Each structure stands twice: as C-alpha cells, then as structure tokens.
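What follows is the residue order along each chain.
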Amino acid sequence: MIYLLATNNPGKAKEIAPLFEEAGLRLISLADLGLSFEAREDGETFLANAMQKAWETAAFLRERGHLQVAVLADDSGLAIDALDGAPGVHSALFMGRDTPYPIRCNAILDMLQEQRTARFVCNLVCLFPDDTSLTAVGTIDGSIAYEIHGEGGFGYDPIFFYPPLGKTLAQLTKDEKNAVSHRGKAIKKMIGLIINADTCTQ
Ligand code: IMP
C-alpha cells in the first residue's frame, strides 16, 4: 500500500516521514505525484478536520485516477488553558495564515500572565481505498515559556516549554521531539494500527 500525506506543511512532513520510513511503510506527498491541493478545514474539532482533509484529498486523488492510495491526514494545534483552549483548531490561522510565527509567538507571550499551562494535540486519520479508516490521537502537556527559545521545529515550538526535558520543543532535535510530541505519539499509534490491520487481513 502507498500512503499519501495530505499536508502542505513541511514541518509536519519532516516529522512524519522518517517514522513511516523506519516502519517500512511508503509515504509520498502530493508533490511526488506532481499535484497540489489544499483541503478545507472548517470543522469544530481536530478529528473532524483531519477526517475532512482525508476525504477531500482522497476524492481529489480518485478523480485523477489514483485509486489505490491510502490518505494520511493530520490536524493539530496548540490549546492554551488561560485562553480557553485557543488557538486550538484555529492554530494555523491565528493572526492570519501568512503572519510569521515569531510575531504570533510574541503575541501569545503578551497575552499570558501566571497561568501558562498548555498542550499540543494531534489527530491523525488514515483513509484506505475501500473507505475504511483508522484514527489516532497524541497529546503533549507543557507550558508556555516566558520567552522564545530555540531554532528547531516549526510553528509555536519556540514557546512550548516541556518540563521533563527543561526545554522548548524548538530546542529539541527532530528525534527528541518525535519521542515526546503529540505528533510523534499519534504517528506511532497509527503505525501500530496499520501494521495490525495489515496482519489481520493476511
Ligand atoms: P493544521 O493542522 O494544518 O490546522 O495546522 C496546525 C497548526 O498548529 C500548525 O500550522 C501550527 O501553527 C500548529 N502546530 C501543530 N503542531 C505543531 C507542532 O508540532 N509545533 C508547533 N506548532 C504546531
């Protein structure tokens, strides 16, 4: 089976691809097929958005004759307790999709006082050619730092402080982040489900 990652976010692709590769699963991108597509994401939950991305991308691929591809979709975001869970499902659009992340991160730092607890959430959906699907969730709990730290990762990583390692996610290597992150956990669960489903059908 070929798995296609339905994202235009290079940060997500860099984290997901190596774990699929390590598990011996072939993961391609839309660009690998010479295609480009942006699914809508106007749902109320991470799961609804991941499902929407998976179904819309699968429909786009099927219309172009790619009938035997499983579509993997990720919807994720940062939920800050003091902001009632915002930016949450709107993390990608918070302050405008094209606003540079250092500006968005600094705006969040300005909004917070003592209460700084937060979590990242990642919902993954894998939609197969026979319309069956698998879902997996991962979360990471931490807090919003007082300053931006680190150059790695993407998005809000420089302000997400992970107490067990005493660093922000942007101060971790890709492997260190995948070992503890919402996405790393969701991908590992998804890979387990895929391998298990494959064994059951053999
Ligand atoms: P979406 O899943 O395409 O709606 O985008 C999720 C958004 O949440 C990203 O564009 C980032 O703003 C944020 N986000 C999700 N995961 C991470 C992460 O691992 N690090 C930093 N920001 C993230």
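Shown above is the structure to which this text applies.
The sections below set out a description of the structure shown in this document. All figures in this text were calculated on a predicted structure; none of them were measured in a lab.

**A few points about the site of the ligand**
Neighbouring the ligand are 19 residues, the closest being Lys-12, Glu-41, Tyr-101, Asp-157 and Lys-177. Tyr-101 has a polar side-chain atom sitting 2.6 Å from an oxygen atom of the ligand. Lys-177 is positioned with one of its side-chain polar atoms (N or O) 2.8 Å from an oxygen atom of the ligand. Contact with the protein chains covers 96% of the free accessible surface of the ligand, which is 490 Å². Among the elements of the structure, strand S3 (69-80) and helix H5 (182-200) are those that each provide at least two residues to the shell around the ligand. Among the elements that line the shell around the ligand, the one with the most residues is S3, at 4 residues. Of the residues that constitute the shell around the ligand, the class distribution is 5 nonpolar, 6 polar and 8 charged.

**Side note on the pattern of salt bridges**
Taken as a whole, this structure holds 13 salt bridges when the rule is applied. Between Lys-12 and Asp-74 there is a salt bridge whose closest N-O contact spans 2.9 Å. In this pair, Lys-12 is assigned in helix H1 (residues 10-22) and Asp-74 in strand S3, connecting sequence segments 62 residues apart. Here Lys-12 and Asp-74 have matching classes, each one buried. As a salt-bridge pair, Arg-183 and Glu-15 come within 2.7 Å of each other at their nearest N and O atoms. You can see Arg-183 sitting in helix H5 and its partner Glu-15 sitting in helix H1, a full 168 residues away along the chain. Residues Arg-183 and Glu-15 agree in their burial class; the two are buried. Within this structure, Lys-12, Glu-15, Asp-74, Asp-157, Lys-177 and Arg-183 form a network of salt bridges that share partners.

**Considering a negative patch on the surface**
On the surface, a cluster of negative charge is contributed by Glu-21, Glu-22, Asp-175 and Glu-176. If you list the elements that add at least two residues to the negative patch, you get H1 and helix H4 (174-180). Here Glu-21 lies in helix H1. For Glu-21, a relative accessible area of 63% gives the class exposed.

Conventions used here
Residues numbered from 1 in each chain as written. Predicted model: local features only at pLDDT ≥ 70, side-chain atom pairs only at ≥ 80, totals over all residues. Heavy atoms only, no water. Near = heavy atom within 4 Å. Polar contact = N/O pair within 3.5 Å; in protein donor to acceptor, adjacent residues only side chain to side chain. Areas by Shrake-Rupley, 256 points an atom, 1.4 Å probe, with all protein chains shown as cover. Helix = DSSP H or I, 4+ residues; strand = E, 2+ residues; numbered from the N terminus. Nonpolar A, V, L, I, M, F, W, Y, C, P; charged D, E, K, R; others polar. Salt bridge = Lys/Arg side-chain N within 4 Å of Asp/Glu carboxyl O. Buried < 20%, exposed > 50% of the residue type's maximum accessible area, 1.4 Å probe, protein only. Patch = residues over 30% accessible without salt bridge, like charges linked within 9 Å, V, L, I, M, F, W, Y side chains within 5 Å. Lys, Arg positive; Asp, Glu negative; His and termini not counted. Charge placed at Lys NZ, Arg CZ, Asp CG, Glu CD.

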